[in-house]
Amino acid sequence: MIGVRNGARKRARLVALGAEVPERIVTNEDMAKMVDTSDEWIYSRTGIKERRFVAEDEAASDLAVRAGIKILAEAEMDPLEVDVLIVPTASPDHIFPATATLVANRIGAHRAAAFDILAGCTGFIYGLAQGTALIESGLAGNVLVLGAEALSKITDQTDRSTCILFGDAAAGAMLVAAPEDEVTGFLGFELGADGSGGQDLVVPAGGSRMPAKDGPYEAALSCIQMNGREVFKFATRVMVESCTKLLEALEMHVDEIDLLVAHQANQRIIDHAISRLGIPPEKVFNNLERYGNTSSASIPLAMLEAREAGMLSPGDMTLLVGFGAGLTWGSTVMRYEPT
Ligand code: UT7
């Protein structure tokens, strides 16, 4: 892309959504054959019934390519019109090159700048903020934000405290530039990070702290390790704080929100947050029962299915909120105006 500031103020608007999930369904009963757990334990503690796993020879970019093609089709856009492709991911194909560059090449977005965002499950919200900033500064016109995860590949399938939680998916959104006078698109963001909790959700090996070349390490060190109780406490606190601060900054009342889509990690975390925020369950869409926690893909995957369920319609004021490794968090309010 070439971006030159020309003084024309724009608004970033979300015009298309798309997702791809792997074919293979892994139910709680399947999990109970792999580790000492039960459908009753998993469902009552998390709200998850099943999740999807990629095939042995698939990686995050393979799902992202298929999701990206769907988003381009919905946006009625040629891939060469994409100025920037942002891939939030916690399970990239490689440390580098960025998964985004591989996806850009395969979908034909040959004009696009392409990079990944590593902000755990908050990655999609961070990516929306980045895309919005690029568009509103005038540097980019069309930005594809595409969360892509093959978390099953970095999960220890013998660790019952983590393996039951995570699933694979890619999902995202196309952001375009709208005239500034339109009351549309992203009204604001609240983003944060607290690295003091970094070790509560970590893949220890494979980076420069514990290089892969110094291995082999036991498999668990190359997989997600989580202090579930600490992350739970953190999540319930920051989801409420982030949304409250953002609504205050926007001078909005929570009643003005038509739909809340939260990061799909745990039904109990979401229930706690909405009850504290005073958002009725009928304004909240969840699908973690069928997909588990798909990290950067979870919010756009839920938005897409909310729309299919008739809960996301043009004009709807939508609150999105996420949290994850870092530890990070973020929320945004957007008016959904796809055309
Ligand atoms: O995107 C961000 C990602 N992370 C999260 O959102 C995770 C947030 N945390 C959580 O969702 C919850 O902490 C978990 C679902 C991970 C765990 O639920 P919990 O109610 O916090 O359980 P716990 O870790 O306190 O464990 C309670 C018991 C333990 O046994 P003891 O020590 O009481 O005998 C665990 O060993 O449950 C046991 N346990 C299990 N039992 C059956 C842990 N995992 C399982 C399992 N099946 N899969």
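Further up the page is the structure itself.
What comes next concerns the included structure. Here the residue numbering is sequential within each chain, running from 1 through the sequence in written order. Under the rules for a predicted model, residues below a pLDDT of 70 receive no local features and side-chain atom pairs below 80 are neither given nor counted, while totals for whole chains, interfaces and linings still include all residues. Only hydrogens and water are set aside when side-chain values are computed; all heavy atoms of the structure are taken into account.

Here the axes come from fitting lines to C-alpha atoms, over the contacting stretch only for helices, and the angles between their N-to-C directions go from 0 to 180 degrees. Runs of H or I in DSSP of at least four residues are treated as helices and runs of E of at least two as strands, each being numbered from the N terminus. At a minimum axis distance of 9 Å, the contact between helix α3 (residues 60-75) and helix α4 (residues 99-107) shows a crossing angle of 50°. Looking at the two axes, α3 sits oblique to α4. Of the two elements, α3 crosses α4, and the hand of that crossing is right-handed. From α3, S61, D62, A64, V65, I69 and L72 reach across to α4, where they touch T99, V103, R106 and I107. Looking at the contact of α3 with α4 residue by residue, the class counts come to six nonpolar, two polar and two charged. If an angle is under 35 degrees, it is roughly parallel; if it is over 145, roughly antiparallel; if it lies from 65 to 115, roughly perpendicular; otherwise it is oblique. Helix crossings get a hand from a simple test, with the near helix turned counterclockwise from the far one by less than a right angle marking a left-handed crossing and a clockwise turn marking a right-handed one. What makes two residues a contact is simply this: any of their non-hydrogen atoms within 4.5 Å. Basically, the charged four are Asp, Glu, Lys and Arg, the nonpolar ten are Ala, Val, Leu, Ile, Met, Phe, Trp, Tyr, Cys and Pro, and anything else, Gly included, counts as polar.

This brings us to the side chain of S242. Relative to the assigned elements, S242 resides in helix α7 (residues 228-249). Accessible area is worked out with a 1.4 Å probe on protein chains only. A residue is then buried under 20% of its type maximum, exposed over 50%, and partly exposed in between. Residue classification places S242 among the buried positions, given a relative accessible area of 2%. Nitrogen and oxygen atoms within 3.5 Å of one another constitute a polar contact, given that in protein one can donate a hydrogen and the other can accept it, and given that sequence-neighbouring residues count only through two side-chain atoms. A distance of 2.8 Å separates the side chain of S242 from the side chain of S331, its partner in a polar contact. Once residues within four sequence positions are removed from consideration, S242 is found in contact with E190, W329, G330 and S331.

So, on to the pattern of salt bridges. We define a salt bridge as a contact between a side-chain nitrogen of Lys or Arg and a carboxyl oxygen of Asp or Glu at a distance within 4 Å. Scanning the entire structure with this criterion turns up 13 salt bridges. K33 is paired through a salt bridge with D30; the nearest N and O atoms lie 3.9 Å apart. Note that K33 and D30 are positioned in helix α1 (residues 28-34) at a spacing of three residues, about one turn of the helix. One salt bridge in this structure joins R237 and E241, with 3.4 Å as the shortest N-O distance. Separated by four residues within a single helix, R237 and E241 lie in helix α7, roughly one turn from each other. Take E241: its relative accessible area is 35%, and that puts it in the partly exposed class. Within the structure, one salt-bridge network assembled from shared partners comprises E20, E58, R66 and K70.

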